[in-house]
Structure formats: structure tokens, C-alpha cells
Protein chains: 2
Amino acid sequence: MICEILSVGTELLMGQIANTDAQYLSRRLSEYGVNVYRHTVVGDNPERVKLALNEALSRSDMVITTGGLGPTEDDLTKEMVGEYFGLPMELHQPSLDALTERMTRLHPHRKMTANNLKQAYFPKGALVLPNSRGTAPGCVVEAEGKSVAVLPGPPRELTAMFDESLEPYLREKTGLVIHSRFLSIFGVGESTVESILEDLFHLGSPTLALYCGPAEVQARLTVCLPVGEDPAPILDPVADQIQRRLGPSLYAQGRDASMARTVLSMLRERGEALCTAESCTGGLLSARLVEIPGASAVFTHGFVTYTPAAKQSVLGVPQDILEGPGPVSAPCARAMAEGALAASGADYALSVTGYAGPEGGTPEDPVGTVYIGLARKGGSLVKQFRFLGDRDWVRTLACVHALNMLREHLLDV
Amino acid sequence: MICEILSVGTELLMGQIANTDAQYLSRRLSEYGVNVYRHTVVGDNPERVKLALNEALSRSDMVITTGGLGPTEDDLTKEMVGEYFGLPMELHQPSLDALTERMTRLHPHRKMTANNLKQAYFPKGALVLPNSRGTAPGCVVEAEGKSVAVLPGPPRELTAMFDESLEPYLREKTGLVIHSRFLSIFGVGESTVESILEDLFHLGSPTLALYCGPAEVQARLTVCLPVGEDPAPILDPVADQIQRRLGPSLYAQGRDASMARTVLSMLRERGEALCTAESCTGGLLSARLVEIPGASAVFTHGFVTYTPAAKQSVLGVPQDILEGPGPVSAPCARAMAEGALAASGADYALSVTGYAGPEGGTPEDPVGTVYIGLARKGGSLVKQFRFLGDRDWVRTLACVHALNMLREHLLDV
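Predicted model only: the values in this text are computed from it and were never measured. (Residues numbered from 1 in each chain as written. Chains lettered and ligands numbered in written order. Predicted model: local features only at pLDDT ≥ 70, side-chain atom pairs only at ≥ 80, totals over all residues.)

K.L.:
Which residues make up the overall build of chain A, and what values go with them?
P.N.:
When its secondary structure is counted, chain A shows 15 helices and 17 strands. Over its C-alpha trace chain A gives a radius of gyration of 28 Å, far above what one expects of a compact globule, namely 22 Å for 413 residues. In terms of overall dimensions, chain A has a C-alpha envelope of 85 × 55 × 40 Å along the principal axes. Counting only residues that meet the buried cut, chain A has 45% of its 413 residues in that class. In chain A, 65% of the contacts between residues at least 6 apart in sequence involve partners at least 24 apart. (Helix = DSSP H or I, 4+ residues; strand = E, 2+ residues; numbered from the N terminus. Rg over C-alpha atoms; globule rule 2.2 N^0.38 Å. Buried ≥ 20, exposed ≤ 12 C-beta atoms within 10 Å, placed from the backbone. Contact = placed C-beta atoms within 7 Å.)

K.L.:
Describe the sheet that holds strand β11 (residues 216-226) of chain B, naming the residues involved and giving the relevant values.
P.N.:
Backbone hydrogen bonds hold the strands of a sheet together, and the pairing may be parallel or antiparallel. Residues and elements named next belong to chain B. Strand order in the open sheet made by the 4 strands is β10-β11-β9-β12, with antiparallel pairing throughout. The strands lining the two open edges of the sheet, one partner per strand, are β10 (207-213) and β12 (250-253). Between one strand and the next, the sheet's axes are offset by a mean angle of 25°, whatever the strand orientation. (Pairing = 2+ DSSP bridges. Axes fitted to C-alpha atoms, helices over the stretch in contact; angles between N-to-C directions.)

K.L.:
I'd like a rundown of the environment of Leu-289 of chain A, residues and numbers included.
P.N.:
Within the secondary structure layout, Leu-289 of chain A lies in helix α11 (residues 284-290). Note: C-alpha distance between Leu-289 of chain A and Leu-264 of chain A (25 residues apart in sequence) is 7.6 Å. Filtering out sequence-adjacent residues up to four positions away, Leu-289 of chain A remains in contact with Ala-260, Leu-264, Ala-295 and Phe-299 of chain A together with Gly-282 of chain B.

K.L.:
Can you tell me about the environment of Arg-245 of chain B, naming the residues and giving the values?
P.N.:
Residues and elements named next belong to chain B. The residue Arg-245 is located in helix α9 (residues 232-246) in this model. Residues Arg-245 and Asn-131, 114 residues apart in the sequence, show an inter-C-alpha distance of 43 Å. Aside from chain neighbours lying at most four places away, what touches Arg-245 is Ile-196 and Leu-197.

K.L.:
Describe the environment of Met-103 of chain A, listing the residues and the values that go with them.
P.N.:
All names here are of chain A. Here Met-103 is to be found in helix α5 (residues 93-106). For the pair Met-103 and Asn-116, spaced 13 residues apart in sequence, the C-alpha to C-alpha distance is 9.3 Å. Not counting residues up to four positions away in its chain, the partners in contact with Met-103 are Arg-110, Met-112 and Asn-116.

K.L.:
Explain the interface of chain B and chain A to me, and be specific about the residues and the numbers.
P.N.:
Contact residues are listed per partner, giving 59 residues for chain B and 54 residues for chain A. For the side of chain B that touches chain A, the elements supplying multiple residues, two or more each, are α1 (10-13), α2 (20-31), β2 (35-42), α5 (93-106), α6 (114-118), α11 (284-290), β14 (299-305) and α12 (308-315) of chain B. Partitioned by chemical class, the residues of the side of chain B that touches chain A number 25 nonpolar, 26 polar and 8 charged. By the bridge criterion, 5 bridges tie strand β14 (residues 299-305) of chain A to β14 of chain B in an arrangement that is antiparallel. Its bridge partner being in β14 of chain B, Phe-303 of chain A is matched across the sheet by Phe-303 of chain B. (Nonpolar A, V, L, I, M, F, W, Y, C, P; charged D, E, K, R; others polar.)

Keep in mind these values describe shape, not function.
Structure representation (C-alpha cells):
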């Protein structure tokens, strides 16, 4: 089934809000094997809404509209859908009753206006979808072999109406489910991943797509099957291929995978604890860890020592390191990690010190240079990195590389 | 000038990301009086990209595309634009040099692939727009009385390229400059700000718009003038009005204003130092401070004490507080702040402890309860907050409220 999403709202064209409605619908529709081929946004203008609706219906089996369902004069989506199919607008008594009840409760002294009443009218024969979070119900109109679902614009009303009414409708209509597998890859560029996996892009089923993050690539395998069919025989062999070709660069599987999640779960399995000592990342690394529910079992202490004096007093970095090689240096990263390990009693300490920019840096260590230290009982190591990008980007990369350094160490021991 | 935005990316149609690119562009274009009539999203499919591009160009003077500019096979936007106007693709030597330089620096041992090279080719005669945050440059193609701007999909690359290259292009094309004034307001709801400033929305020039952030509202005054005209006589009187009506709730002016920036600059003027002690925010508060360039003059130490044992060993929170009122309590927030003050020697310490959820909380202190402590030499105070929302939202609100608590204290003394 081919579907398009048509969003109506001048606030979208003014950039006041992002089209999260289209995102939500697309994500949910993909789960039902509904192929979304296009999103369109037009303003609250009858001619342009009509044109866009005609175009969308000419190309697809189903159109879902969002917005333009409220009580004001320029809310015209429902009326345009009726007009397209030549269906007159008819009063839907249960909607009028619900609207009256709601209005009386919220505004006991206000009279219903003609505009309010408009919300209880639908194209003849429409399936009305109740709105549990607002006044304007939606509807589905089926005619001429097409269906049009008309949903409200406010995201909390839209998501509730989808989940409560449109989802059951779709499940019955399609009998299909989408199955996906996500594989997260660290430290290999998108174009390299693409050339390593080149033949797998042409399998037909499953389909393979790549998505880029900071120093990461996520590969997604997708197959669409009738309800009840097992996707494993189709997805598993290809996932195994990818795993074999990428080796330890493939660090996790699953939709919600992240480097922090992977490292925390490796540590949790071993019953080991981690602490951090940060300078240029200023707490971002610890925040990454704490954002994973259950982090407290593994992550105990974080030290943000932004000044040389703090590095000395809290982590015991020796004066001669701070005055010699300086606070951005391999010896300092090592001393920070070792100091944090001693102060916390954790099993591992990660330290980060560098020049995030835009100022700072030296001829030898320009902006973007970051030293990452890893200390454990009985030893420590330091790596030097050169990251390109602005302050935020350098720090984001420093965090994922620090976590990956620990991951690689845990894989080896 | 009528404009459409055409976004290319299967990840948008799969609902993996929202189309924030179209939002950003629409917002910025509206400042230049460019009317955006439509957003369209299509997948990485040559035929559908071509069709959508033809349609968009038939309806408008300018089309801005986003996405499909990377090194992979299905990145075809630039090529489609060339094809539309019958322009051959030509090598752009400066782009190739920049690409080579970047690749050599990042991956000294990796060879450039044909796919990489593709990024240095543009439709003949195109104005190339450098990409300061990624490898793929964009371009503007002017032909047949239309212009097409081809921009990258990743939001951080897109926004930088717009600001650095497309905005100057638009300014020259339109002969107009937008002048804006930003006023940041803390702790007053959007609808309250709206009613306080109601008459100022109807001035015509400047225009006033409100944007909502976590516990904040940003008011923006905008006027569009021919190049060289002074905006101060139009903007200043209205900005002064807003300042008078909102009093100390208006905490900063300027596009890049943030509570962290305001607090840091207040402390810098006084020559005073700040440290932090965080539990549920896990380093987010310190990261907020460190992300401001020059923070090291003011922000010295951050302690992330996520476990009760860490609160005790690092900050000296007494055992009887941890066992009595517990780690999420007013006494614990106070002891954390006082402990951090003592350990760091700073002039002020902010502490945060709370239940960010989804688990945790007690009948008296449900999820969303956060205690914020402020210690200074000679005294300390604690406030209790109840925030509504998910884990991230609770922690974001906790950070801005902590900073505002210090700001209000500094205003009083």
C-alpha cells in the first residue's frame, strides 16, 4: 500500500514548529508495511490544500492529512476531502454530543458558535475517529478505491488518535508487519561501510540502509511480511554477514543501541565500576552514562576538573605535569585517570583533556587535539586524537571515543 | 519571491528523524520576506526526486533542496538539478582540494574512492557553497529565471551552510537585511508573556514573535530594512518597553543568550568562582557551563556523585542524612552543596539531587521532585521543585532552575 502524508498548517511553513506529526505517522506506518512515498506541507489556503490533495490521491492508495481540523474558518481539510469525492457534509450526532458535553464542562458560560458546530460535521459515510485529547474528531473516508484519514494537527491529539483509532484500522486493512534489525558500527566511515557491504544493498529483501551519527554508522535491515510470519530466516543470515565483515567495529544490535549503553552493559555483566575525570568535555561524558536507566550500578563518580588547580586538588595531578607538558597532554590525561581511579575506588577511570576550541591549542597540539586516558588497577594507557569540527562536535566525538576505548579494552581482557 | 523546500531522504519517510531542516529554512526565509508555499519530502529515489523537483520548479521562483548530497550511490540531488537544467557535471577544483586535505588529515592511510570524488562535482556554472562542518559542499544553480539551492541534510551542516553562504546570497539578491533583537525571559509562561505584551504584537513593524524553551520564553523583535538603514530607532523603544514590563524575568538580550552564559558573566564581573555537585543531572549542569567559551575563569570544579557512597566519600554527606532523609532530600542537597564548596574553595556551589524517573520516587516525593542547593561562604539554601515530564525534561529543567537560583541570589546581593 502506497501512502502520502499531507500536512496543512501555515505555522509549519513559517518554521514555527517542525513536522513531528509526519515523523510519528511515518514511523508507525512503516511498522505496518505501509510505504510512505511523500510528505507534503501546505498552508491553510483552500486552493493549495485542494491541489495538494488531488495530487497526493492521484499517486497513492491512502492519504493521511494532519491539521486544518479545528474550529476556525481556515480549517478546511475535512471539507476538501468531502468535495474531492463529491460527498456532502453530514452532522455526526455522537460527535455533537461529545462536543457539547466537553464545552459545557470546560466553559460553562460560553455559547457554542457555528464554528464549534463545524467540528461535528463529516463527509457522508465517513468513519469518525474520536479525539480523546481535544475537541476536533478525525475521520476516515473510503471512496473510489482510496482511503483518506483526516487527523488533527496538535501532536498530542494526533498520536493518541493514531494509537486509539487509526492503528486498529490499518492492522486489519493490511495484514502486514515490518521487521527491522539495527546494527551499530563505530569508527568506520559511511563510504567505507558502504563499500564493505556493497553487494548486500542489492538483495531486494531484506533492504539495507545506512544512517550516520558522530563517528558512527547505523545499518538497518528491513523486511515486510504477512502477520505471523517469522522474519529470522530472512534477517539473520544477512545480519551475520554484516557482523562477520565488520568484526568488532560492529558494537551493538538493537534500535536503542548506543556506545554508552554497550559499555555500561559490558561492565554490568562483569560487576565492575567506572568513574570519569573530565576537562574539555565538562561533564558530557558522565551525562551520557547517567542518561542510561540503571547506570548507578556501574557508574559511581564523575569529576569535572576544568582548571589546573582543580586537576591538582581533586585528582592529584602533580604540579610538574601541569607546569611541564601542561593540562592538555598525555601525562596529564594519564594522571587524571589514575587520580580518579584512586579517589573513587572504581575498577576503571576514563579521563578526557583537550582543546575543544575555538580558542586555545598549540602549534603541536592544535584545536581539536584531545587526550583520552584509561586507568585500571595495575596500569593505564593514553591515546591522542585529532578531531575536526566546532566545540560541540569535538566534545561529542571525545565522549564516544573515550567510551569506545574502554569497550575495546574490555573486549581484549 | 515564492519558494519551496524539497527534502530528500528515506530516513524522513521512515520517520527516523523529523524534518527540522525545513523548519530552520522556513524560519530564516520568512525573515527575508521569502514566502515558503510548500515543503515536500521524497525518498532517495531518482525518479521521485526528479518528479518532485520538476513540480516544485514549475510552481516557484526558488527551490531549496536538503539531503541527498553525500558520497553514496543514492545521493543524487545535485545530479538531478543539473539534469533538470541540462547542465553537465563539472569538477570544482577548490572543493576537491578541500576534500583531499580533509581526508588526508582525518584518514592519512585511506584512499579516496570514486564516491568521495563525486562530492567535488557540480552542475556547470553553479555557485559552490563550502561545507564548514562536513565533506559535501552545497551549491546554487541559477537558470531559466529560477534558482535552486542544494544543501546537505545533516542539520548541523545545513544550518552552518545557510548562515555562512546562503544568507549572504539572499541578502544580495533581495537588497534587504533582517535585524533582530532577542530577549530571554525565565519563569513566566508563554500565555502570560503573550498577555503582558499583547499590544506589541500589532505594531506592524517591528514584528514580535515568541519562542518557547524549557522554562523559558524568547521574544524576538524583527524588522526588515534596505541594506544600510539603521534599525535602532525602530527596535530600541519596543525592546525598552518589553524590558520595563517584564522586569528581572527578562534575564538577557542577544541571539546566543542562555542562563548559563548570563550566570557566568555575572560571576566573571565579580571575580567569583562556582562549582557544582550533581546527582540526577549527572554532569549536565557542568556541561552547560563548560560549553560557554571562557568558562574556566569562573567554573572550577564539578562533582558527579551518582551513588550514595560517592556523595559520602567525595562531598562528605553524612551517613545519617543518607540513611535518614535519604539521597533525594533537602538536607542532602544542602550537604552536597556545602561539601562541594569546601572541597573546591569556590565562592558558590550548586547541587542537584532528585528523581528524574521513570523509576524511583516516593509517595511524598514522586518522580519529578528535585532539590536544588546553593551554598556560599556563610550560608546555604535549598529549594524543592516538582517538574512534569520525562527523564530528559526533568533534568533539563533542573539545570536551568539551578542556574536561575544562583542568578536571583546574585541580583539580590
